[in-house]
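Below, each chain spelled out in residue letters.
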Amino acid sequence: MSKIQQLKDRLADVNALHCAVAIMDWDQQTYMPRGGASARAEHVGILSRMAHELFTSDETKRLLENAKGESHEDSDEAAMMRVTQRDLDVNTKIPSDLVEEKSKLAAVAHEEWVKARANNDFKGFAPYLERMFEISRQEAEFLGYKNHIYDALLDLYEEGATADDAKRMFTALKGPNVALVRDIQNNGRKIDDSALYGEWDVPTQKAYTEMLVKAIGFDMNRGRQDVAPHPFCTGWSVGDIRLTTRYKPYIGSAIFGSLHEAGHGMYEQGTPQSWDLTPLAGGVSLGIHESQSRTWENIVGRSRAFWSRFLPDLQRSFPALGFFDLETWYRAINKVEPSFIRVEADEVTYNLHVLVRFELECDILENKLAIKDLPEAWNAKYAEYLGITPKNDAEGCLQDVHWSQGSIGYFPTYSMGNLLSYQIWNALRKDLGETDLLIEKGEFQPILQWLQEKIYSQGRKYKPKDLVMRVTGKPMGAEDYLAGLDKKYREIYGI
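Procedures and definitions
- Per chain, residues are indexed from 1 in the order of the written sequence.
- A pLDDT threshold of at least 70 governs which residues receive local features in this predicted model, and a stricter bar of 80 or more applies before side-chain atom pairs are shown or counted, although totals over entire chains, interfaces and linings include all residues.
- Water and hydrogen atoms play no part in the side-chain values, which are based on all heavy atoms of the structure.
- Nine residue types can take part in a nonpolar core, namely buried Ala, Val, Leu, Ile, Met, Phe, Trp, Tyr and Cys, and a core is a set of them joined through side-chain atoms within 4.5 Å.
- Here's how the labels work: a residue is buried when its accessible area is under 20% of the maximum for its type, exposed when over 50%, partly exposed in between, all with a 1.4 Å probe on protein chains only.
- The way it works is that DSSP assigns letters per residue, a run of H or I at least four long becomes a helix, a run of E at least two long becomes a strand, and they are numbered from the N terminus.
- Contacts are assigned to residue pairs that have any heavy atoms within 4.5 Å of one another.
- A pair of strands counts as paired when DSSP detects no fewer than two bridges linking them.
- Geometry is summarised by axes, namely lines fitted to C-alpha atoms with helices restricted to the contacting stretch, and by angles between N-to-C directions that run from 0 to 180 degrees.
- Ring pairs shown here join Phe, Tyr and Trp side chains whose ring centres sit within 6.5 Å, with only the six-membered ring taken for Trp; geometry is labelled stacked below 30 degrees between planes, edge-to-face above 60, and tilted in between.
- For a ring to carry a charge above it, either NZ of a lysine or CZ of an arginine must fall within 6 Å of the ring centroid while also lying within 35 degrees of the normal to the ring plane.

J.: Kindly report on the nonpolar core, identifying the contributing residues and their values.
T.: With 125 residues, the main nonpolar core has Trp296, Phe306, Trp307 and Trp329 as its most contacted residues. With 11 residues, the top contributor of residues to this core is helix α14 (residues 347-365). Leave out the neighbours within four places in its chain, and Phe306 touches Leu212, Ile216, Leu259, Val300, Gly301, Ile439 and Phe444. Grouped together as the second largest cluster of nonpolar side chains are 15 residues, Leu11, Met80, Leu88 and Trp275 included.

So this is what it looks like as structure tokens:
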């Protein structure tokens, strides 16, 4: 057996343990009875510790060093070893007992978050959140950083990114976003989306959203869609990718949530089969991952061309929407209005939601903000940036699942995904030409094939910034995104 194969066998063992944890997490958020939380916490804690100890062991390090001599520069094997070395460097710095504690806490904290949001009980959730931020501070200190504690955490999700990068990004976005919102509010035509709110039959929504995600290219033979309190995508092999959505008294919630998660899912399904169960499989970073979910949700899914094809189907499923013509529907689903819920925010105000979370995370990590004061600080930022104040914590600081799971340092990748979605889409259009004609016909395969070739099939072979350069010819920037938003929404609002 070759030395590379010995390493792959070892990594497959580690992968199997991580997949077991992922399956348990998916089950907890979809089907697990609430009474299973404490046992589930023990299970995922133990398995996470075992995976960490196996991966960071001297034997794994020995196998990696031995295998390096058998790889050729620029080969897939060399890329796999570079990724493995990075993951090993990161994981070796964090003690196994902290990994176990965080995994246990995340399982318990998720149930406490679900309960707290339902009962508008931030105080009940606060102790779990406080400990999760303490663990994140410990992780950052173990990992090390040069300038800001946030650097160590953001790098886990977006390799090479720093707090300064995030600050520059938000500085570039904030002024134009706020100015466009103000211009729309002061000078734009009025848009009525009230008909999108009401009680919508859940089985009909389920059938319709599953039809949509299959139509754009998500392979239901290698995936499925279920329901969760907060939509997400997960998976444990190229052949088994799980989407979740949720059904609310807003018809767009399930539609655009499903398209969003399908974007993540198609990226995961696009990994080459030969890389399955290895460190090269899956998305290279959360920013690029988010670019794909936002592409299918917003650039494709909120386009006039998309609904030229799918509005008649929707109206057959929900006759109450039959009075909409294409233009009024297109305007309604793209209405710009400051709102409280990030995942249902319009494209123009979305980044302001992310900015709030980024700034609060930094303040908590720097001990400038106590957890007990988070609701007040959250509400103050919403009043400042969006001009609205949540009426309770359920639509305020309790709305996102991420902090309960320990995903601290994650939020800026959402805005990075927004920027990259337009930047990558412009590169795609240069190659494919008039994409609206394809979308109007429901012919998504050429779009999916381009993304498959350029991004999905690359897995983690290239670093995030290198992949962006290869696909778009330039580093990530705000220009394409801001220009795309300005053109789209000034046309929609007649300004």
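J.: Can you lay out the pairing of strand β3 (residues 240-245) for me, pointing to particular residues and giving the numbers?
T.: Here β3 lies mainly inside the structure; 6 of its 6 residues are buried. Residues Asp240, Arg242 and Thr244 point to one face of β3 and Ile241, Leu243 and Thr245 to the other, with burial holding for every one of them. In terms of strand pairing, strand β1 (residues 223-227) meets β3 through 5 bridges, oriented parallel. In the sheet register, Arg224 faces β3, and the bridge partner there is Arg242. Bridging between strand β2 (residues 233-237) and β3 involves 4 bridges; their strand directions are antiparallel.

J.: Got a sec to walk through the environment of Leu180? Specific residues and values, please.
T.: When you line up the elements, Leu180 lands in helix α8 (residues 163-187). Since its relative accessible area comes to 5%, Leu180 is described here as buried. On a C-alpha basis, the gap between Leu180 and Tyr489 in space is 8.5 Å, while along the polypeptide they are 309 residues apart. If near-sequence neighbours (up to four positions away) are discounted, Leu180 is found in contact with Val348, Leu485, Asp486, Tyr489 and Arg490.

J.: Can you explain the sheet that holds β2? Please cite residues and give values.
T.: Taken in spatial order, the 3 strands line up as β1-β3-β2 in an open sheet, and their pairing is mixed. The open sheet is flanked by β1 and β2, the only strands paired with a single partner. Between one strand and the next, the sheet's axes are offset by a mean angle of 20°, whatever the strand orientation. Each of β1, β2 and β3 is contacted by helix α1 (residues 3-30), which is oriented at about 145° to β2, the strand it contacts most. In this fold helix α10 (residues 251-269) packs onto β1, β2 and β3, with an angle of close to 165° to the strand it touches most, β3.

J.: Report on the packing of aromatic side chains, specifying residues and quantitative values.
T.: Within the structure shown, the criterion is met by 26 aromatic pairs. Taking 5.3 Å as the distance between ring centres and 80° as the angle between the ring planes, the aromatic pair formed by Phe306 and Trp307 counts as edge-to-face. Each member of the pair, Phe306 as well as Trp307, carries the same accessibility label: buried. Here the aromatic rings of Phe324 and Trp329 are separated by 5.2 Å at their centres, their planes lie at 80°, and the arrangement is edge-to-face. For Phe324, a relative accessible area of 8% puts it in the buried group. The class for Trp329 is buried, based on a relative accessible area of 1%. Members of the aromatic cluster, joined through ring pairs, are Phe133, Tyr157, Tyr350, Trp378, Tyr382, Trp403, Tyr410, Phe411 and Tyr414. The ring of Phe256 carries the charged tip of Arg302 above its face, separated from the ring centre by 3.8 Å.

All quantities given are derived from atomic positions and should not be read as evidence of function.
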